[in-house]
Amino acid sequence: MKTYDFLIIGAGSAGCNIAHFLSQEDKSVAVVDREGIAGGASGAAGAFLSPLPGKQNSYNTLVNDALKYSIDFYKKLIPNAIDIHGVLRVPNDNFNQKKLQDNGIRYDFYDTKKLQNISKNFREINGYFYKDAAVLEPKTTCNKLLENCDFYIKDVKALSFKNGLYEIEDLQAKNIILAQGVSNSLVELPYMKISPVFGLRIDVKTTTNVPFNLHKSISVSSNKNDGTLSIGATQERHDTQQMECLTTCDKCSFYVNTDEQQTKTLLKQADELIKLENLEVVKTYKGARATIKSYFPVIGKAIDYENSIKKHPSIKKGTKIPVQELEYYPNLHVINALGSRGFVLGPYLAKILGENILYDREISKEISTQKLFYKMARTT
Ligand SMILES: Cc1cc2nc3c(=O)[nH]c(=O)nc-3n(C[C@H](O)[C@H](O)[C@H](O)COP(=O)(O)OP(=O)(O)OC[C@H]3O[C@@H](n4cnc5c(N)ncnc54)[C@H](O)[C@@H]3O)c2cc1C
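Residues numbered from 1 in each chain as written. Predicted model: local features only at pLDDT ≥ 70, side-chain atom pairs only at ≥ 80, totals over all residues. Heavy atoms only, no water.

Q: What is the right way to read the state of the cysteines from this model?
A: Disulfide: a covalent bond formed between the sulfur atoms of two cysteine residues. Summed over all chains, the structure comprises zero disulfides. Between C149, a free cysteine, and C16, which holds the nearest cysteine sulfur, the sulfur-to-sulfur gap is 8.2 Å. On the basis of relative accessibility, which here comes to 11%, the residue C149 falls in the buried class. (Disulfide = S-S within 2.5 Å. Buried < 20%, exposed > 50% of the residue type's maximum accessible area, 1.4 Å probe, protein only.)

Q: Is there a simple way to think about the site of the ligand in this case?
A: Surveying the vicinity of the ligand reveals 37 residues, the closest of which are D33, S42, F48, V156 and G339. S42 places a side-chain nitrogen or oxygen 2.5 Å from an oxygen atom of the ligand. Contact distances for the ligand include 2.8 Å between a nitrogen atom and a backbone N or O atom of V156. Its free accessible area being 1000 Å², the ligand has 96% of it covered by the protein chains. Going through the elements one at a time, α1 (13-24), α2 (41-44), β13 (195-205), β16 (228-237), β17 (280-291) and α9 (342-359) are the ones with two or more residues in the shell around the ligand. (Near = heavy atom within 4 Å. Polar contact = N/O pair within 3.5 Å; in protein donor to acceptor, adjacent residues only side chain to side chain. Areas by Shrake-Rupley, 256 points an atom, 1.4 Å probe, with all protein chains shown as cover. Helix = DSSP H or I, 4+ residues; strand = E, 2+ residues; numbered from the N terminus.)

Q: Help me out: how do you make sense of the pattern of salt bridges in this one?
A: Once their charged atoms are close, side chains differing in charge can pair, the charge on each being opposite to the other. Enumeration over the complete set of coordinates arrives at 17 salt bridges. Notably, a salt bridge pairs K144 with E147, separated by 2.9 Å at the nearest N-O pair. The exposure class of K144 is partly exposed, given its relative accessible area of 29%. Ionic pairing is found between D203 and R201, a salt bridge with its closest N-O pair at 3.0 Å. Taken as a pair, D203 and R201 share a single burial class, namely buried. Residues participating in the shared-partner salt-bridge network are R34, D155 and K157. (Salt bridge = Lys/Arg side-chain N within 4 Å of Asp/Glu carboxyl O.)

Q: Please explain the packing of aromatic side chains as it appears in this structure.
A: The relation between two aromatic rings is expressed through the spacing of the ring centres and the mutual angle of the planes. Applying the stated criterion to the full structure yields 17 aromatic pairs. Their ring planes at 85 degrees and their centres at 5.3 Å tell us that Y59 and F296 sit as a pair that is edge-to-face. Linking Y59 in helix α3 (residues 58-77) with F296 in the loop between β17 and β18 (298-303), this pair joins segments that are 237 residues apart in sequence. Note on accessibility: Y59 and F296 belong to one class, buried. One cation-aromatic arrangement involves R89 over F95; the distance from NZ or CZ to the ring centre is 4.4 Å. (Phe/Tyr/Trp six-rings, centres within 6.5 Å; stacked < 30°, edge-to-face > 60°. Lys NZ or Arg CZ within 6 Å of the ring centre and 35° of its normal.)

Q: Is there a simple way to think about the pairing of strand β2 (residues 29-33) in this case?
A: Side-chain positions along a regular strand alternate between the two faces of the sheet. β2 sits mainly inside the fold: five of its five residues count as buried. Residues of β2 alternate between two faces, with V29, V31 and D33 on one and A30 and V32 on the opposite face, all of them buried. Note that strand β1 (residues 2-9) and β2 share four bridges and pair parallel. Within the sheet, the bridge partner assigned to I8 lies in β2 and is V31. One crossover worth recording links β1 to the parallel β2 by way of α1, and it is right-handed. Both β2 and strand β9 (residues 150-153) contribute to a ladder of four bridges, which runs parallel. Paired with V31 across the two strands is F151, which belongs to β9. (Pairing = 2+ DSSP bridges. Right-handed = clockwise from strand over helix to strand, strands pointing away.)

Q: Before we go on, may I ask you to explain the side chain of N17 in this structure?
A: Here N17 is to be found in helix α1. Classification of N17 by relative accessible area gives buried; the value is 2%. Within the local environment of N17, its side chain forms a polar contact with the backbone oxygen of S13, the two atoms lying 2.9 Å apart.

Function cannot be inferred from these measures alone, as they are strictly geometric.
Written as structure tokens, this is what we have:
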């Protein structure tokens, strides 16, 4: 039996980032995943790191603060696997010109003429250029994050907690962190209603120089060191019959044989931004990212809903019960619902969660498990 301070379930951006943070704090950490490192949504991600423009609100403030932190973090961690060339945001229905202009982030407007002076392959588009944007290689990043942790391939079916320790086959640990993405949670967390949103990324070879990332409804990256570039989007929800993700998208009957049509659509959307010459599709990746209705990610202690309500039934009528009086699963934390920005939020959330666990630093309400708990308790 091998004993660790922390055992983390899930080796995606969430799990790898919290594992990295804790290992930097001299904790012994093991990470387990049934699919390998970055075998879920994280391996499929385009891994674009882009600002979220628009009038300031609490969500885009979180994203933009996280972006600043994460770009600096990755620059130190993986200087050779991050390309920081900025992003051109082309207006669409969700982000019209007003929204792209009306924000505190510095931008330059590029009209068609300016773009076509940069490359004759740009279509008749214009857009807003934000210089602090990047793209990274997600598998390389996750592998690097786990450099000082042990990793095991395991499909964890249940958690067993005895004498103050969690046991998973031949591993044991005082603390567990669930970083399971769209998979069913290993403990009941009814207030965290995760929806899977499916997406596709394709890596292509092209002789066209793409000087910076482009984003409209989909994203096109600048050329990477390995001679490819990525085109990606996540936009399709599971139908309601299939809300539970029991496997990765690659093996899910819902998505088998959907690549061809989806690839065509992505290439068509990319072609509306820039003409990619001598195009060859090298690889396609499928994945489902985890999102909750509010779009905010969720981190913190895992609250035991049933027992908290049993202990304080008046919560349901709106009585304010302090968070310390709720019932929690012992030494069990979660980090999930990173949405479409798992690589932007990962390092930032890991720092906040890690400091909460080790030093009792507060987690802001918006991203806490407690917020979701109270919301559900008071509305059902
Ligand atoms: C096509 C696509 C494009 C994307 N593009 C971007 C982008 O450009 N920028 C960006 O920042 N984000 C992007 N995202 C979102 C990003 O990928 C996710 O937010 C992020 O990967 C979520 O990380 P995670 O660790 O929470 O989940 P995951 O990466 O899914 O990791 C969860 C892991 O837990 C494992 N697991 C679960 N339960 C168990 C169990 N019981 N036992 C063992 N293992 C278990 C799974 O196998 C899985 O590997 C994209 C997503 C997709 C699908």
